[in-house]
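An overview of the molecular structure
Residue-level listing of the chains:
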Amino acid sequence: MPRYDYDLITIGAGSGGVRASRLAGSYGARVAVIEEIREGGTCVLRGCVPKKLLVYGSHVGEELADAEGYGWTIGPATHDWAAMIAAKNRELDRLHGIYVSLLENAGVHRYRGRGVVRDAHTVEVGDRVLTGERILIAVGGWPSLPRVPGIELALTSNEALELPVRPERIVIVGSGYIAVEFASIFRGFGSEVDLVFRAERPLRGFDEDVRVMLGDELAKKGIRLHPGLLPAEIGQDGSGVRTRLTSGQTLHADAIMYATGRLPNTRGLGLSEAGVALTTKGAVQVDGWSRSSVPSIHAIGDVTDRLNLTPVAIAEGRAFAETVYNSNPMTADHEDVPSAVFSQPPVASVGLAEHDARERYGEVDVYVAGFRPMKYTLTRNQERGMQKLIVDRASQRVVGAHMVGVDAAEIIQGIAIAVRMKATKADFDATVGVHPTAAEEFVTMRDRRPDPVRQVAAAQ
Ligand code: NDP
């Protein structure tokens, strides 16, 4: 008789939990997965996937307008929001089905409900008690809303992806990934968008040139930016909402959405009681092997608040399963992870922002190229793009690559391989460009930006 019901009990069937569980199952482990909502998790059901589908949908409006520049005459276009949401939901149902079959084909048992950890080897789900040699916490995160009077009227990205009707006017609070992506989506479909954020520029933490450029481009698309402000009070306004800002100005809209960060989903999970150390934000503290302070309890993905990106959670899940169930010790590498913000225009980067590179390497060479995408030259579209390389002066290694503009995410994926392989600026320069593309700018940047310090010295 085995000592435990399962070798592994995973709580949370998102990207990380599913990858770890099905790999463990395929290596012969007896695995149970507990999921409260639906298999698939944030990325597949409430994040990356539905968001990207809406990004595609919203961009069509601009493409129809651009078509005129190429000689097309297109009659008045209308958009059926409800039809799009229904089509998106059908696709999510399909993906959910795939996740379920991936688990079942690996022999994983599925349990529906909220798993609560009772001790180092016991999990409760509803009125069932399961025991496992190991427990994997993969419960992800959940939108976090600040305390503001009237906050209960606010939507989060969860509801924004499910709206039966598109709001004609929407206030979006925050200027991180989710805020700028949804601002672009709603604007693309024709909504009036007010973006309210406490920083001076969107995308705190990103390279400053990227932040400036994205702010300008969002404004050019007609998004009204309200930097340095916060909602002081939100109230009902007929069928809509009224938002009083800290400046005293009041915005009237059909909806208000908050995208003010996400917190690890550990509340009520029984982790502290079981002796698992959590950070002040409630994240599970783990070592490089995703081990918590309790030897039999591991954690991967957003619940650990390391790098909150789906492919990272998947890498962590794989590393856990390979190490524990396939005698193939492996850790997830969190260096030089590329990422993208699917705003319009999109942003993508790999490696360090200029300010971080200066801190780490001291002297850096900076190359920046602004461009007007060729596809817009015959159109009235005023969108511009920008590429930037940051090079460690001593080693000449490219330590950061950033792009704002058409296809940025697609382009940075390839650049990320070069950055990870520690390519130098000379390697980039020796690579022949693909012509005519926006990507070729990355291998044709010749003019180094003058050093900021030298600029000051020259001005004196
Ligand atoms: P982010 O951490 O990116 O941004 C949070 C935003 O909310 C910032 O603008 C922040 O302001 C603001 N904020 C935080 N607290 C408050 C507050 N109390 N009052 C007002 N504003 C506040 O979070 P998101 O919610 O946008 O995204 C969550 C995570 O999801 C990201 O970290 C990312 O890893 C992941 N994600 C990734 C995507 C991708 O890869 N494309 C897409 C979407 C999400 P300030 O800048 O001043 O700190």
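Basis of the calculations
Residues numbered from 1 in each chain as written. Predicted model: local features only at pLDDT ≥ 70, side-chain atom pairs only at ≥ 80, totals over all residues. Heavy atoms only, no water. Near = heavy atom within 4 Å. Polar contact = N/O pair within 3.5 Å; in protein donor to acceptor, adjacent residues only side chain to side chain. Areas by Shrake-Rupley, 256 points an atom, 1.4 Å probe, with all protein chains shown as cover. Helix = DSSP H or I, 4+ residues; strand = E, 2+ residues; numbered from the N terminus. Nonpolar A, V, L, I, M, F, W, Y, C, P; charged D, E, K, R; others polar. Axes fitted to C-alpha atoms, helices over the stretch in contact; angles between N-to-C directions. Parallel < 35°, antiparallel > 145°, perpendicular 65-115°, else oblique. Left-handed = near helix turned anticlockwise from the far one by under 90°. Contact = heavy atoms within 4.5 Å. Expected span 1.5 Å × (residues − 1). Salt bridge = Lys/Arg side-chain N within 4 Å of Asp/Glu carboxyl O. Buried < 20%, exposed > 50% of the residue type's maximum accessible area, 1.4 Å probe, protein only. Phe/Tyr/Trp six-rings, centres within 6.5 Å; stacked < 30°, edge-to-face > 60°. Lys NZ or Arg CZ within 6 Å of the ring centre and 35° of its normal. Patch = residues over 30% accessible without salt bridge, like charges linked within 9 Å, V, L, I, M, F, W, Y side chains within 5 Å.

Here we come to the site of the ligand. Surveying the vicinity of the ligand reveals 19 residues, the closest of which are Ser 175, Arg 198, Arg 204, Asn 308 and Ala 340. Contact distances for the ligand include 3.3 Å between an oxygen atom and a backbone N or O atom of Gly 176. Between an oxygen atom of the ligand and a main-chain N or O atom of Gly 261, the distance comes to 3.0 Å. In the complex, 76% of the free accessible area of the ligand, which totals 910 Å², lies under the protein chains. The element contributing the most residues to the shell around the ligand is helix H6 (residues 177-188), with 3 residues. Taken together, the residues of the shell around the ligand break down into 8 nonpolar, 6 polar and 5 charged.

Here the focus is unusual backbone geometry. Of the consecutive residues Gln 344 and Pro 345, the connecting peptide bond is found in the cis state with omega at 5 degrees. With respect to the helices and strands, the residue Pro 345 is situated in the loop between strand S17 (339-341) and strand S18 (347-351). Note that the residue after His 435, namely Pro 436, is joined by a cis bond; omega there is -10 degrees. For Pro 436, the location among the structural elements is in the loop between helix H11 (425-430) and helix H12 (452-459).

Moving on to the packing of helix H1 (residues 15-26) against helix H8 (residues 310-325). Remark: H1 packs on H8, axes separated minimally by 7 Å, with the N-to-C direction vectors making an angle of 25 degrees. Considering the angle they form, H1 stands roughly parallel to H8. Judged by the sense of rotation from one axis to the other, the crossing of H1 with H8 is right-handed. Facing Ser 15, Gly 16, Arg 19, Ala 20, Leu 23 and Ala 24 of H1, the residues of H8 in contact are Thr 310, Ala 313, Ile 314, Gly 317, Arg 318, Phe 320, Ala 321, Glu 322 and Tyr 325. For the contact of H1 with H8, the class distribution of residues is 8 nonpolar, 4 polar and 3 charged.

On to H8, then. Taking 1.5 Å as the rise per residue, H8 with 16 residues should run 22 Å; its terminal C-alpha atoms sit 22 Å apart, in good agreement. Its buried side turned inward, H8 meets strand S1 (6-11), H1, strand S6 (128-137) and strand S16 (297-299). Residue Ser 327 follows H8 closely and has a positive phi angle near 45 degrees.

With that settled, the discussion passes to the pattern of salt bridges. Considering all chains together, one arrives at 39 salt bridges under this definition. Between Arg 449 and Asp 209 there is a salt bridge, and its shortest N-O distance comes to 3.0 Å. Of this pair, Arg 449 sits in the loop between H11 and H12 while Asp 209 sits in helix H7 (residues 208-220), placing them 240 residues apart in sequence. On the basis of relative accessibility, which here comes to 21%, the residue Asp 209 falls in the partly exposed class. Here Glu 354 and Lys 388 are joined by a salt bridge, their closest N and O atoms 2.7 Å apart. Taken together, the residues Glu 354 in helix H9 (residues 354-361) and Lys 388 in strand S20 (residues 385-392) connect sequence positions 34 residues apart. Overall, Lys 388 belongs to the buried group, its relative accessible area being 1%. Connected through salt bridges with shared partners, the residues Asp 207, Asp 209, Glu 354, Arg 358, Lys 388 and Arg 449 form a single ionic network.

A separate point is the packing of aromatic side chains. Evaluation of the coordinates by the stated rule reveals 6 aromatic pairs. Pairing Tyr 177 with Phe 206 gives two aromatic rings, centres 5.7 Å apart and planes at 70 degrees, and the pair type is edge-to-face. Of this pair, Tyr 177 sits in helix H6 while Phe 206 sits in the loop between strand S9 (192-197) and H7, placing them 29 residues apart in sequence. With a centroid separation of 6.5 Å and an interplanar angle of 40 degrees, the aromatic rings of Phe 182 and Phe 186 are classed as tilted. Placement of both Phe 182 and Phe 186 in helix H6 is noted, with a separation of 4 residues, approximately one turn of the helix. You can call Phe 182 buried: its relative accessible area is 3%. Of the residues examined, Phe 186 reaches a relative accessible area of 1% and is grouped as buried. Its end group placed over the ring of Tyr 367, Lys 425 keeps NZ or CZ at 4.2 Å from the ring centre.

Side chains of Val 60, Leu 64, Tyr 70, Trp 72, Ile 74 and Leu 378 sit close together on the surface and give an oily, nonpolar patch of about 600 Å² of accessible area. As for its placement among the helices and strands, Leu 378 is situated in the loop between strand S19 (364-371) and S20.

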